[in-house]
Amino acid sequence: MANTKDVTLSSIYSDLNRFGQNQEYEKALKAANKILQQRSDELKAFHCKIVCLIQLSRFQDALKAIVKEPKLSLDLVFEKVYCQYRLNQPQEALKTLDLVLTLSLKLKELKAQILYRLERYEECFDVYRDIIKNSNDDYEEERETNLSAVIANMCHDDPNRDVPQLREHTYELSYNSACQLVGRGQYGEAERKLKATEKLCRDSIEEEDEGDIEDELGIIKVQLAYCLHMQGREKEAQLIYTAALKQKPDDIGLVAIASNNIIAINRDQNVFDSKKKIKSATLEGLEHKLTSRQRKNIAVNHCLLALYTNQADQCQQLCVRLIQQYPDMGAEATLIRAVQLAKDGKSRDAAVVLDKFAAQNPEHQMKMRLAAVQLLLSEGDRKESCRILQNLSEATFKPGIVSALVTLYLADGNSDAASKVLKDAVDWYRKNKVSTGDLSTMWRQAADFHLRSGEPAVAAKSLEELLRINPGDKKTLAQLVLAYAQIDPAKAQILSKQLPPLDLSQTIDVEALELSNWMMKSKVAKKAAAKVEPSPGSKPGTPGDELIQKKKSKRKRKGKLPKNCDLNSTPDPERWLPRHERTGYRRKKDRRNKDIGKGTQGTTTGTSDQFDITKMPSQQTKPSPNPNSPVPDVSGPRQQQRKIQQKKKKKSGKW
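- If you check an unreviewed UniProt entry, the protein chain appears there as Signal recognition particle subunit SRP72 from Timema bartmani.
- In UniProt, the protein chain has this text filed under Sequence similarities (unreviewed entry): "Belongs to the SRP72 family."
- Listed in UniProt under the heading Function (unreviewed entry), the comment for the protein chain reads: "Component of the signal recognition particle (SRP) complex, a ribonucleoprotein complex that mediates the cotranslational targeting of secretory and membrane proteins to the endoplasmic reticulum (ER)."

Structure (structure tokens):
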């Protein structure tokens, strides 16, 4: 009986082996289950069952079987980790690998893939470098391709990182090399390399399988379009994106990226097309096809599209979801929320949202609070704007913030508060001795403001800082002397000795200088300088004489006379009056339709003969004394047309 059972198992194993070699995994799975029904502790049959389930892509069933039979799956670590990896459980897969003391080559390969999926590129790079160093098989080119993909992502995270140079003899390696250039922001060089990659891809795939050429070229073309997009050549990029989508590729990740980039090009235009494209960019399952960086960009564009289409509630919901999924994108989401509230006329609510986020995230304090100030100023709320600007801690003393505060306080007529802002800024910089570029403009403005407002002591502090920055500035020294003259005359006397001496070697006419145009700068001064006679003690060669005696010669233009002007005749004294106001003006009588409508209705005495053209007497034209006068019209009264009298052109001169 036992021998018969052994013979049966042997025959089933024989069938299992045959099915496996023929890749008939369904039949092989049934054969393995038969063996396990007879002997549940058969390790080889259990292993074959797990392999068949993996080959049939039944990863969940395989993982359940491994977990259910821990004794039979002690040596099936690779199969368990692979199932977890394919079920998108990279964290659990990595935990399983960490329990293994010594990793085999295939486990290292799998660990590298898991680390790549988790975007832990530094660790992945170290694992691949170790594998390539210690391996000696036919998969060297595949490993080198994977390593180049890791390096490309590392360049995106750190563009200045030094990475090893790899070969570029295949289109995959050439493509990854172009992605490295994209990560470094070298879009022009990446564009040229991608065009070379496209040619290399066509040459290599045409020799192998022409059916896969469009799928492979789609990825290269979309990356090429991205390079054009980043160089500002948006029309060219959009044409390539659209052409790639028309091919209807099977890769949903490629479709999502092309659709998202078209949305970015559309911006607030063509929103109906963008609403269609966003559906392709937010399909389920994309979290396993795209990197977190790509998913973040799509999520932000989704929020912006809702903003452009005035979908206020949806925009707020998407922004909240963006913060929940990607906490590091909180600043972008908060700004979008604030813009949406401002569009709805709720600028104060938007400012509250920005201020609240700034309080919770100090690293974004400056950006958020300045945005809040802008919204408040659009509503005319200067008081609240000043309160926010004064709560920026050390940033309050930046020259730009100080300038804004002084301007706002002066606009409200609060010069005391403006003076206090400048005082605090001067004291802070004197105390901390912070160097943030050229502050001389701020010191100068602060000194001038305090001198005008009657605070020479505060102005002196600003002027001293200016002298410290530029010790040779005599103008600042003179202002400092004037400031100290009001509070400390002794110190002003000491500082005045540093001023350059006054050169009195030339004789100067004081009266001429006081009355000169450059001193008084007014029309009164000009007239006085022209009328005042030279002083008795001045010499004829002094500069004062030139300033007083010199007169500016005016060019006289000869007036133009009208045409046909007779200089011998007396001009008409009424030539400036309108024609109808002159004494000899006679108004012309209107003789049109003179006899029509006269008499009682129905009278015909002489009327029919008057308007009968056959009985009308011939009229002779009297000679006109003026040969240039027009000939009068002899037509009937109804055929006479009103003649428009042309206006005479005004002559250039009046006589």
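**What to know about the packing of helix 3 (residues 43-55) against helix 5 (residues 77-86)**
- In contact at an axis separation of 11 Å, helix 3 and helix 5 are set at 25° when each is read in the N-to-C sense. Judged by the angle between their axes, helix 3 and helix 5 are roughly parallel. The two elements helix 3 and helix 5 meet at a crossing, and its hand is left-handed. Judged by residue contacts, His-47, Ile-50 and Ile-54 of helix 3 engage Glu-79, Tyr-82 and Cys-83 from helix 5.
- Residue classes in the contact of helix 3 with helix 5 are distributed as four nonpolar, one polar and one charged.

**Topic: the packing of helix 19 (residues 347-360) against helix 20 (residues 365-378)**
- Following both chains from N to C, one finds helix 19 and helix 20 inclined at 165°, their axes separated by 8 Å at the closest point. As the angle between them shows, helix 19 and helix 20 are arranged roughly antiparallel. For the element pair helix 19 and helix 20, the recorded crossing hand is left-handed. Across the interface between the two elements, Ser-347, Arg-348, Ala-350, Ala-351, Leu-354, Asp-355, Phe-357, Ala-358 and Ala-359 from helix 19 touch Gln-365, Met-368, Arg-369, Ala-371, Ala-372, Leu-375, Leu-376 and Ser-378 from helix 20.

**Digging into a negative patch on the surface**
- Among the surface-exposed residues, Asp-138, Glu-140, Glu-141, Glu-142 and Glu-172 lie close enough to one another that they form a single negatively charged patch.
- At three residues, helix 9 (residues 140-157) tops the list of elements feeding residues into the negative patch.
- Mapped onto the fold, Glu-140 is located in helix 9.
- Residue class for Glu-140 comes out partly exposed when judged on its relative accessible area of 47%.

**Section: helix 4 (residues 59-68)**
- Those residues of helix 4 that sit buried are Phe-59, Ala-62, Leu-63, Ala-65 and Ile-66. The arc enclosing the buried residues of helix 4, seen along the axis, measures out at 160°, which places them on a common side. For helix 4, the exposed residues lying more than 90 degrees away from the buried face are Lys-64, Val-67 and Lys-68.
- The inward-facing, buried residues of helix 4 abut helix 3 and helix 5.

**Thoughts on the pattern of salt bridges**
- Counted according to the given criterion, the structure contains 26 salt bridges.
- Across the pair Glu-191 and Arg-233 runs a salt bridge whose closest N-O atoms are separated by 3.2 Å. Separated by 42 residues along the polypeptide, Glu-191 in helix 11 (residues 187-208) and Arg-233 in the loop between helix 12 (213-230) and helix 13 (234-246) bring together distant segments of the chain.
- Classification of Arg-233 by relative accessible area gives partly exposed; the value is 29%.
- The partner of Asp-273 in a salt bridge is Lys-277, with the nearest N and O atoms 2.8 Å apart. Remark: Lys-277 and Asp-273 occur in helix 15 (residues 271-281); sequence separation between them is four residues, near one turn of the helix. Assigned by exposure class, Asp-273 and Lys-277 land together as buried.
- Shared partners join several salt bridges into a network, and the residues in it are Glu-191, Lys-195, Arg-233 and Glu-236.

**Thoughts on helix 12**
- Compared with the 26 Å implied by 1.5 Å per residue over 18 residues, the 26 Å span of helix 12 between its first and last C-alpha is a close match.
- Within the sequence span of helix 12, burial applies to Ile-213, Leu-217, Gly-218, Ile-220, Val-222, Gln-223, Leu-224, Ala-225, Cys-227, Leu-228 and His-229.
- Following helix 12 by one or two positions, Gly-232 adopts a phi angle in the positive range, close to 85°.

**What about the environment of Glu-92?**
- Tracing the chain through its elements places Glu-92 in helix 6 (residues 90-98).
- Judged by its relative accessible area of 40%, Glu-92 falls in the partly exposed class.
- Placed 11 residues apart in sequence, Glu-92 and Val-81 show a C-alpha to C-alpha distance of 8.1 Å.

**Section: the state of the cysteines**
- Counted according to the given criterion, the structure contains zero disulfides.
- With no disulfide partner, Cys-319 has as its closest neighbouring cysteine sulfur the one in Cys-303, 4.1 Å distant.

**Topic: the environment of Asp-355**
- Tracing the sequence through the fold places Asp-355 in helix 19.
- Between the alpha carbons of Asp-355 and Gln-365 there is a distance of 8.1 Å; along the sequence they are 10 residues apart.

**Description of the layout of surface pockets**
- By volume, the second largest pocket amounts to about 2000 Å³.
- Residue lining of the second largest pocket: 50 residues in total, with Tyr-116, Ile-257, Lys-289, Thr-291 and Gln-294 positioned closest to the centre.
- When residues of the lining of the second largest pocket are traced back to their parent elements, those giving at least two are helix 6, helix 7 (105-117), helix 8 (121-134), helix 9, helix 10 (171-183), helix 12, helix 14 (252-266) and helix 16 (292-308).
- Looking at the lining of the second largest pocket residue by residue, the class counts come to 23 nonpolar, 18 polar and nine charged.

**As for the packing of aromatic side chains**
- The tally for this structure, following the rule as stated, stands at five aromatic pairs.
- Centroid distance Tyr-116 to Tyr-121: 5.6 Å. Interplanar angle 70°. Geometry classified as edge-to-face.
- Their ring planes at 10° and their centres at 5.1 Å tell us that Phe-397 and Trp-428 sit as a pair that is stacked. Of the two residues, Phe-397 is situated in the loop between helix 21 (382-389) and helix 22 (399-411) and Trp-428 in helix 23 (residues 415-432); the sequence distance between them amounts to 31 residues. You'll find Phe-397 and Trp-428 in the same group, each marked buried.
- Members of the aromatic cluster, connected to one another through ring pairs, are Phe-59, Phe-78 and Tyr-82.
- If you follow Lys-106 out to its NZ or CZ, it ends over the ring of Phe-78, 4.9 Å from the centre.
- One Lys or Arg, Arg-161, reaches over the ring of Phe-125 and ends 5.9 Å from the middle of that ring.

Reading the values: rules and limits
- Residues numbered from 1 in each chain as written.
- Predicted model: local features only at pLDDT ≥ 70, side-chain atom pairs only at ≥ 80, totals over all residues.
- Heavy atoms only, no water.
- UniProt positions renumbered as here; feature names shortened; annotations may be inferred.
- Axes fitted to C-alpha atoms, helices over the stretch in contact; angles between N-to-C directions.
- Helix = DSSP H or I, 4+ residues; strand = E, 2+ residues; numbered from the N terminus.
- Parallel < 35°, antiparallel > 145°, perpendicular 65-115°, else oblique.
- Left-handed = near helix turned anticlockwise from the far one by under 90°.
- Contact = heavy atoms within 4.5 Å.
- Nonpolar A, V, L, I, M, F, W, Y, C, P; charged D, E, K, R; others polar.
- Patch = residues over 30% accessible without salt bridge, like charges linked within 9 Å, V, L, I, M, F, W, Y side chains within 5 Å.
- Areas by Shrake-Rupley, 256 points an atom, 1.4 Å probe, with all protein chains shown as cover.
- Salt bridge = Lys/Arg side-chain N within 4 Å of Asp/Glu carboxyl O.
- Lys, Arg positive; Asp, Glu negative; His and termini not counted.
- Charge placed at Lys NZ, Arg CZ, Asp CG, Glu CD.
- Buried < 20%, exposed > 50% of the residue type's maximum accessible area, 1.4 Å probe, protein only.
- Arc of directions from axis to C-beta.
- Expected span 1.5 Å × (residues − 1).
- Disulfide = S-S within 2.5 Å.
- 1 Å grid on protein atoms, 1.4 Å probe; cavity = no way out; pocket = protein on both sides within 12 Å on 5 of 7 lines; lining within 4 Å.
- Points joined across faces, edges and corners; volume = space filled by probe spheres on them.
- Phe/Tyr/Trp six-rings, centres within 6.5 Å; stacked < 30°, edge-to-face > 60°.
- Lys NZ or Arg CZ within 6 Å of the ring centre and 35° of its normal.

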